[in-house]
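# Notes for the structure review
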Amino acid sequence: MKVYNTLTRQKEELIPIKAGEIKMYACGPTVYNFIHIGNARPICVFDVLRRYLEYRGNKVSFVQNFTDIDDKLIKKAAEEGITVAEVAERYIKEYETDAKGLGVLPATFHPRATENIAEIIRIVSELCEKGFAYAVNGDVYFRTKKDEGYGKLSHMPLEDLDAGNRIDVSEQKEDAMDFVLWKAAKPGEPSWHSPWGEGRPGWHIECTAMIYKYLGETIDIHCGGQDLIFPHHENEIAQAECCSGHEYVHYWMHNGYINVDNRKMSKSLNNFFTTRAVAEKYGYEPIKFMMLQAHYRSPINYSIEVIEQCTAALDRLHTCRDNLDFALKAAAESATESEAVLMAQLPARREQFIAAMDDDLNTADGIAALFDLARDINTAVVQPRSAEYLNAAAAMFDELCAVLGLLYNRCEKNLGSLEDEVEALIAKRAEARKNKDYKLSDEIRDKLKDMGVVLEDTPQGVKWQLIK
RNA sequence: GGCGCCAUAGCCAAGCGGUAAGGCAGAGGUCUGCAAAACCUUUAUCCCCGAUUCGAUUUCGGGUGGCGCCUCCA
């Protein structure tokens, strides 16, 4: 598989540190609010990466953190009159609801910053001992000038960074480019004991601490949004490589933004849509589809029109899969000779899918393979088919969907207590149609529709569906 | 100022040296009592100008127009 590496700015063959095993880390949410769909993009996309790597036979250790201590959490807690821990607890739960809704699998580990303070202190101490960090009045800063490699991820020369209008020219820092590893506690803030006094971790250190603890000092893949490249990931590399003395991450993968009216969706522009709000109106699945129909590094311009188009596209897939189930009920005993061609189409679509996904996770082309499969199936199912073919087709369809994390919410076709009544009506309508009493048959169809059951007449008999 | 990204049909979106995947919407048709679904057909000289090449949407140079990072941000 080839993967675009931000570090080298080119696609590279993904070669794991240990064959057949992948260690990957994704920066997770800061849990002070509901996630918006911009936050949902890396969650969806890198879940698919993880699934695909597993699909291709790798054992994947995937860590995604929760940032549960930070200025925003503290602010939120103060506003609501609750503790920081309560804020975190609440929004981790909400995150989990959204992640589940989006069909995203839990990571192997979901560590929290506050659970890893000891490891954080250990790393900061070591950086101090090695001269890469210095303490001032309870704060600890990283000395960027001492790190020769600083800037290699973002490819930004230090001097030119200085030329920009920087902020936070803290008098405490030796250099404007230095960043905080440990912050002295202010009164009333949550804090932990440390060699530098009461305090809490700075912005970037938690990710490195969790990677060290759960995955090791060198990992295969580190991913996140493009806005994390600088300074977050740049700083991670600096602190990690200066601490351990060896390479931190082999492949850096960054997803593009979700835009609104062509501008980055963000809290500060106040142009964001929470995942929850969109899901309540359209469901989670169209959001997921929207994320995957474009390449993960391309920007996506969110709009109602786009989400509705995604819904329609998804309907085609759902219908195809339902048709397979329906056809199975009337399936012939065994495969006919003419089905050999159809059977051969199936693995060809898998090849097509894999070729797409191998090329830097091209989910857009992967979805195209799925749609091509759907066309093959729809064409085949026009005639009665054997259970052998239908089951094989369904298995292939489900296989590809599972990698993409799509069609995970196929509705239950359960009529429950209505079953007898519905079946009686369907039988009555069949009788009416036989007698060419179309007025009655249409009345019955309308009645069933009011009950939430939609009928379709097919050559293989009547097919019913529950209205979503 | 520094460092980047993007520009493909009405809309979304792949492709990135051999005259354009897939989806949505539209049009026509097949099937059907009707409807629905499905299937078939149909809708693009790939922002502009140069250069390289037998050949460029795809490479290079120059424009134009969007956007991002350099500050917390996915």
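Heads up: the structure comes first, above all this text.
The following refers to the structure shown.

What counts and what doesn't
Residues numbered from 1 in each chain as written. Chains lettered and ligands numbered in written order. Predicted model: local features only at pLDDT ≥ 70, side-chain atom pairs only at ≥ 80, totals over all residues. Heavy atoms only, no water. Helix = DSSP H or I, 4+ residues; strand = E, 2+ residues; numbered from the N terminus. Buried < 20%, exposed > 50% of the residue type's maximum accessible area, 1.4 Å probe, protein only. Contact = heavy atoms within 4.5 Å. Areas by Shrake-Rupley, 256 points an atom, 1.4 Å probe, with all protein chains shown as cover. Lys, Arg positive; Asp, Glu negative; His and termini not counted. Charge placed at Lys NZ, Arg CZ, Asp CG, Glu CD. Disulfide = S-S within 2.5 Å. Core = buried A, V, L, I, M, F, W, Y, C linked by side-chain atoms within 4.5 Å. Expected span 1.5 Å × (residues − 1). Phe/Tyr/Trp six-rings, centres within 6.5 Å; stacked < 30°, edge-to-face > 60°. Lys NZ or Arg CZ within 6 Å of the ring centre and 35° of its normal. Salt bridge = Lys/Arg side-chain N within 4 Å of Asp/Glu carboxyl O. Polar contact = N/O pair within 3.5 Å; in protein donor to acceptor, adjacent residues only side chain to side chain.

Okay, the overall build of chain A next. Looking only at helices and strands, one finds 15 helices and 15 strands in chain A. Each principal axis of the C-alpha atoms in chain A carries an extent, and together these give about 90 × 50 × 35 Å. Looking at chain A as a whole, 51% of its 468 residues qualify as buried. For chain A, the proportion of contacts with a sequence separation of at least 24, taken over those separated by at least 6, is 77%. Surface summary for chain A: the accessible area is close to 21500 Å², and the carbon and sulfur share equals 51%. Of the side chains in chain A, 56 bear a positive and 74 a negative charge, and the two mean positions are spaced by 3 Å.

What follows concerns the state of the cysteines. Taken as a whole and judged by the stated rule, the model has 0 disulfides. Counting only cysteine sulfurs, Cys310 is the nearest neighbor of Cys44, a cysteine outside any disulfide, at a range of 12 Å. Of the cysteine sulfurs around Cys401, a residue in no disulfide, the closest is that of Cys320, at 8.8 Å.

Our next topic: the nonpolar core. Core analysis: the largest hydrophobic core is formed by 132 residues, its most contacted members being Met24, Ile221, Met290 and Phe397. Discounting residues that sit within four places of it in the chain, Met290 has contacts with Ile37, Ile258, Ile300, Tyr302, Val306, Ile307 and Cys310. One finds Val422, Leu425, Ile444 and Leu455 within the second-largest nonpolar core, a separate group that totals 7 residues.

As a further point, take helix α12 (residues 363-380). In a regular helix each residue adds 1.5 Å, so 18 residues correspond to 26 Å; α12 covers 25 Å between its end C-alpha atoms and thus fits that length. Along α12, the residues classified as buried are Thr363, Gly366, Ile367, Ala369, Leu370, Phe371, Leu373, Ala374, Asp376, Ile377 and Ala380.

Before going further, it helps to spend a moment on the packing of aromatic side chains. Following the criterion strictly, the structure yields 12 aromatic pairs and no others. Aromatic pair Phe46 and Tyr296: ring centres 6.2 Å apart, planes at 65°, arrangement edge-to-face. Of this pair, Phe46 sits in helix α1 (residues 37-55) while Tyr296 is found in the loop between α9 (285-293) and β13 (300-302), placing the two residues 250 residues apart along the sequence. By the burial criterion, Phe46 is buried, and Tyr296 matches it. The ring of Phe272 has Lys267 lying over it, and the distance from NZ or CZ to the ring centre is 5.5 Å. Directly above the aromatic system of Tyr296 lies the positively charged group of Arg297, at a separation of 5.8 Å from the ring centroid.

If you walk through the whole model with that rule in mind, you get 35 salt bridges. Taking the shortest distance from any N to any O, the salt bridge between Glu54 and Arg50 comes out at 3.1 Å. Residue Glu54 and its partner Arg50 are located together in helix α1, separated by 4 residues, close to a single helical turn. For Arg50, a relative accessible area of 8% corresponds to the buried category. Glu79 is paired through a salt bridge with Lys75; the nearest N and O atoms lie 3.6 Å apart. Highlighted residues: Glu79 and Lys75, both in helix α2 (residues 71-80), separated by 4 residues, approximately one helical turn. Note on accessibility: Glu79 and Lys75 belong to one class, exposed. Residues participating in the shared-partner salt-bridge network are Arg321, Asp322, Asp325, Asp398 and Arg410.

Within the secondary structure, Glu339 is located in helix α11 (residues 339-358). For Glu339, a relative accessible area of 2% translates into the label buried. Residues in contact with Glu339, not counting those within four places in the same chain, are Arg385, Ser386 and Tyr389.

A few words on unusual backbone geometry. In this chain, Phe230 is followed by Pro231 through a cis amide linkage whose omega measures 0°. Positionally, Pro231 belongs in helix α7 (residues 229-244). One non-glycine residue, Arg9, adopts positive backbone phi at about 55°. With respect to the helices and strands, Arg9 occurs in the loop between β1 (2-5) and β2 (10-13). A positive phi angle is found at Asp261, which is not glycine, with a value near 50°. Along the chain, Asp261 falls in the loop between β11 (258-260) and β12 (263-264). Judged by relative accessible area, Asp261 falls into the exposed class, the value being 64%.

Attention now moves to the environment of Ser194. Mapped onto the fold, Ser194 is located in the loop between β7 (179-184) and β8 (199-201). Taking the C-alpha atoms as reference points, Ser194 and Ile121, 73 residues apart in sequence, are found 6.9 Å from one another. Once residues within four sequence positions are removed from consideration, Ser194 is found in contact with Ile121 and Trp182. Here Trp182 takes part through its side chain, which lies 3.3 Å from a polar atom of the side chain of Ser194.

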